[in-house]
Amino acid sequence: MFKKIIDNSMAKSPWIYHINTGSCNGCDIELVSVITPRYDAERMGFKLTGTPRHADIVVVSGPVTSQSKERLVRTLAQVPEPRVIVSLGSCPRPCNVFKGSYSVEGPLDKFCEVDVSVAGCTPKPEAIIDGLALAAQILKEKRRQK
Amino acid sequence: MQILLDLFYVLIFPGFLFCAVVGLLLAGIDRKIVARMQKRMGPPIVQPFYDFFKLLGKETIIPHAASRGVFIAAPLLGLVSLVVMALFIPVFGFTAFSGVADLIVILYLLTIPAAAIIVGGAASGSPYAGVGISREMVAIVAYELPLIIVLLTVGKKAALDGGITFSFTEIQAYQAEFGSMLSHWSMIPAAVAMLLVIPSEVGSHPFDVAEAETEICEGPLVEYSGSLLGIYKLNHAIKMFILTALFAALFLGGAGSGILIVDVLLLLLICTVVTILSMSLPHAISARLKVEKMFKFYWTLVTVLAVISLVLVWMGF
């Protein structure tokens, strides 16, 4: 019974940590707008945290540049299990218009498993909330399988 | 039999279980009220329970640079001291333990959760924690002075023989006979000072300089994860209950109704109102203060309010 309470709480209190790996700041602004009074993702328990140690969901925005590659890998290694990685916008996975650039190390999938991908340049807040809600369910599944 | 009763006191009724449930509920009410003030829907009232149980289910990472024993012991030390404090704070007529100098014990025990944050942060070996613990120390120095003056004022007022009493039993007896402390006009500045001390003691928003998550990544808690972080969150919630209950005992005490369940419900009502007044309201209407601004605020305005009450009480009003 205790295990079931913990499993259910997983989906209801996902804390988000946001990493910008060379994004143009558009997706970052849209992510912040998700916690404003108009969309209020906190009603589902979402909370932005300041440190990867407290995070359940890691949101990555931007194509992975060569400067940010090492930081991304180190930050992801600090997130406790179970964790879910969400790619935000068109940049992290197909690299969008930055594809082929000398400074882009390229899709996020090379460095970690991506669980949810929210596409769009930039995605609408509704789409981001939908993606995060899906990520919360995946978090619960991961906890249950462990 | 006595041992069983003591165990019941420590683990269930005024002790651990009661504190944890009420504290987490108060934290949930606080979050909901703040959200409603900001025209948001807000999380459900049981959200802190979800947070706590989720953190129990997460992996607990102990960093390589941390000193392992202290890192694990610090949050537990804070929790234990908070539970002990709950045993001394009276629910109107009822106390689990009482002595001649409860107020002194409370005063010492109140610093231990803050010291636990400092020790845990120092043990985690992170530079952000270093900045956080120095801020936490400034916060302790800032709010301890007005808090001590408020306790002195209440002790002076409640002593019938002209001295100062540090016993909750005598304070409750005084309030049962002459009406609650808040009904004496000379105590009102001290009550306001106490209401302003509560948020910084808890580490609630406008005074959460140590755990500023937007500037220094949650300060001392930066390296904590999993169940240890959960215990820190629980400590924070229990501290909300302890301090509001302390306010109720100091300023709104009395004989109560004599029936324990009614008294407990009345205490919970007072705790909720005090939480909304002293924590939710400043959280919703103001931004975080700078460290030196906070220090100045406590050592000027709040201390002056407390001293006004002390002088009035000393003069016999």
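See the structure above.
We now turn to the structure provided with this report.

Moving on, we come to the interface of chain A and chain B. Contacts between the two partners involve 19 residues from chain A and, on the opposite side, 27 residues from chain B. The greatest single-element share of the side of chain A that touches chain B, amounting to five residues, is contributed by helix H1 (residues 2-12) of chain A. Residue composition of the side of chain A that touches chain B, grouped by class: five nonpolar, seven polar and seven charged.

We now examine the pairing of strand E3 (residues 57-61) of chain A. Residues and elements named next belong to chain A. Of all five residues making up E3, five are buried, and the element is well covered by its neighbours. Here E3 shows a buried face lined by Ile57, Val59 and Ser61 and a second buried face lined by Val58 and Val60. Pairing analysis gives five bridges linking strand E1 (residues 15-20) to E3, with the strands arranged parallel. Residue pairing in the sheet places His18 in a bridge with Val59 of E3. Inspection of the sheet shows E3 paired to strand E4 (residues 84-88) by five bridges, in the parallel sense. The residue bridging Val59 from the neighbouring strand is Val86, located in E4. For the segment spanning E3, helix H3 (residues 66-77) and E4, crossover handedness is right-handed.

Another point: the nonpolar core. Residues B:Met194 and B:Ile242 are the most contacted members of the largest nonpolar core, which totals 98 residues. Sort the elements by how many residues they give to this core and helix H10 (residues 226-251) of chain B lands first, with 18 residues. Among residues more than four places away in sequence, those in contact with B:Ile242 are B:Leu82, B:Met85, B:Ala86 and B:Ile89. One finds A:Met10, A:Val64, A:Val84 and A:Val116 within the second-largest nonpolar core, a separate group that totals 31 residues.

Residues and elements named next belong to chain B. It is the contact of helix H6 (residues 127-158) with helix H12 (residues 291-314), at a shortest axis distance of 9 Å, that shows an interaxial angle of 10°. On the basis of the axis angle, H6 is roughly parallel to H12. For the contact of H6 with H12, the per-class residue count stands at 20 nonpolar, three polar and three charged.

Conventions and cut-offs
- Residues numbered from 1 in each chain as written.
- Chains lettered and ligands numbered in written order.
- Predicted model: local features only at pLDDT ≥ 70, side-chain atom pairs only at ≥ 80, totals over all residues.
- Contact = placed C-beta atoms within 7 Å.
- Helix = DSSP H or I, 4+ residues; strand = E, 2+ residues; numbered from the N terminus.
- Nonpolar A, V, L, I, M, F, W, Y, C, P; charged D, E, K, R; others polar.
- Buried ≥ 20, exposed ≤ 12 C-beta atoms within 10 Å, placed from the backbone.
- Pairing = 2+ DSSP bridges.
- Right-handed = clockwise from strand over helix to strand, strands pointing away.
- Core = buried A, V, L, I, M, F, W, Y, C linked by C-beta atoms within 7 Å.
- Axes fitted to C-alpha atoms, helices over the stretch in contact; angles between N-to-C directions.
- Parallel < 35°, antiparallel > 145°, perpendicular 65-115°, else oblique.

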